[in-house]
Amino acid sequence: MTAPQTTSPAGSFAAKRGFIVWFTGLSGAGKSTLAEALRRQISGGRPVEILDGDEVRTHLSQGLGFSKEDRDLNVRRIGFVARLLARNGVPTVTAAISPYAEVRQEVQRLAAEEGVPFVEVYVEAPLDVLAERDVKGLYRQAMAGELQHFTGVSDPYEPPVRPDVLVRSDREHVDESVARIVQALLDRELVTATVAGAVSR
């Protein structure tokens, strides 16, 4: 994904309440890059927390493996912390592969039951593009059969059928993608524009 050239693609915004923006997509698709760019865009001087999948595995899910059960448990933990933050007024952005549709839907349902707004963003890119971005060569190893349990190659990834926002990170600039995510938040009245007409529809 092309790195952002500016920190403010379309004006300034401020979060009005707690909510969850849930980025899902394959490794290297650009979830963490987008999460950080979105945080800069909507913080408006208040905290916006990011729950990054790699950091959660290090600090909250250490010891979990990569079976379906362990992956689902990791996603449930991320969802619990995200809901805890959001229902206490903290806008929360997650950036985790979260490969299985059923557990993503479970997290979204639990958020709805607690009155926490939930915006799902699917960050999509073709495997060949992801392999080119992968400096560690993990995609190539997985495609060669040398690496097991690698999501999208040797383990399944179930893309969202109807995400709230679809990002094509192989085609879009970060600023363009973030502007569309911000627009989705504006449409739900989760953020407010501090510059009139900042985002065009």
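So, here's what we can say about the structure.

What counts as what
Residues numbered from 1 in each chain as written. Predicted model: local features only at pLDDT ≥ 70, side-chain atom pairs only at ≥ 80, totals over all residues. Heavy atoms only, no water. 1 Å grid on protein atoms, 1.4 Å probe; cavity = no way out; pocket = protein on both sides within 12 Å on 5 of 7 lines; lining within 4 Å. Points joined across faces, edges and corners; volume = space filled by probe spheres on them. Helix = DSSP H or I, 4+ residues; strand = E, 2+ residues; numbered from the N terminus. Nonpolar A, V, L, I, M, F, W, Y, C, P; charged D, E, K, R; others polar. Salt bridge = Lys/Arg side-chain N within 4 Å of Asp/Glu carboxyl O. Buried < 20%, exposed > 50% of the residue type's maximum accessible area, 1.4 Å probe, protein only. Pairing = 2+ DSSP bridges. Axes fitted to C-alpha atoms, helices over the stretch in contact; angles between N-to-C directions. Contact = heavy atoms within 4.5 Å. Patch = residues over 30% accessible without salt bridge, like charges linked within 9 Å, V, L, I, M, F, W, Y side chains within 5 Å. Areas by Shrake-Rupley, 256 points an atom, 1.4 Å probe, with all protein chains shown as cover.

**Regarding the layout of surface pockets**
- Within this model, the largest pocket holds a volume of roughly 880 Å³.
- For the largest pocket, the lining is made up of 31 residues, of which S27, G28, K31, D54 and I97 are closest to its centre.
- Listing elements by their share of the lining of the largest pocket, those giving two or more residues are helix 1 (31–42), helix 2 (53–59), helix 3 (68–86), helix 5 (127–133) and helix 6 (138–143).
- Grouping the amino acids of the lining of the largest pocket by side-chain chemistry returns 13 nonpolar, 10 polar and eight charged.
- Estimated volume of the second largest pocket: approximately 180 Å³.

**With respect to the pattern of salt bridges**
- Tallied over the entire structure, the rule returns 12 salt bridges.
- Where D170 meets R168, a salt bridge forms, and the shortest distance between an N and an O atom there is 3.2 Å.
- Note on D170: relative accessible area 29%, which makes it partly exposed.
- With a relative accessible area of 19%, R168 lands in the buried category.
- One network of salt bridges, with partners in common, ties together R83, R87 and E114.

**Some thoughts on the sheet that holds strand 5 (residues 118–124)**
- Strand order in the open sheet formed by five strands is 3-4-2-5-6, and the pairing between neighbours is parallel. Looking along the sheet, the strands with just one partner apiece sit at the ends: strand 3 (49–52) and strand 6 (165–168). Sheet twist, expressed as the mean angle between neighbouring strand axes with direction ignored, is 20°.
- Two elements, strand 2 (residues 20–24) and strand 4 (residues 92–95), share four bridges in a ladder whose sense is parallel. Bridging across to strand 4, F23 finds its partner in A95.
- In the packing of helix 7 (residues 174–187) onto the sheet, contacts are made with strand 2, strand 5 and strand 6, and the angle to strand 6 comes to roughly 175°.

**Here's the deal with a nonpolar patch on the surface**
- Taken together, the side chains of L127, M143 and V153 present a nonpolar region at the surface, about 220 Å² in accessible area.
- Looking at the element boundaries, M143 is found in helix 6.

**A short note on the pairing of strand 2**
- Here strand 2 lies mainly inside the structure; five of its five residues are buried.
- Burial along strand 2 is two-sided: the face carrying I20, W22 and T24 and the face carrying V21 and F23 are both buried.
- Where strand 2 and strand 5 come together, five bridges link them in parallel fashion. Following the sheet pairing, V21 is matched in strand 5 by V119.

**Quick word on the environment of R140**
- Along the chain, the position of R140 falls in helix 6.
- Of the residues examined, R140 reaches a relative accessible area of 46% and is grouped as partly exposed.
- Sequence separation between R140 and R104 is 36 residues; the distance between their C-alpha atoms is 27 Å.
- Residues within four places of R140 in sequence aside, it is in contact with A131, E132 and D134.

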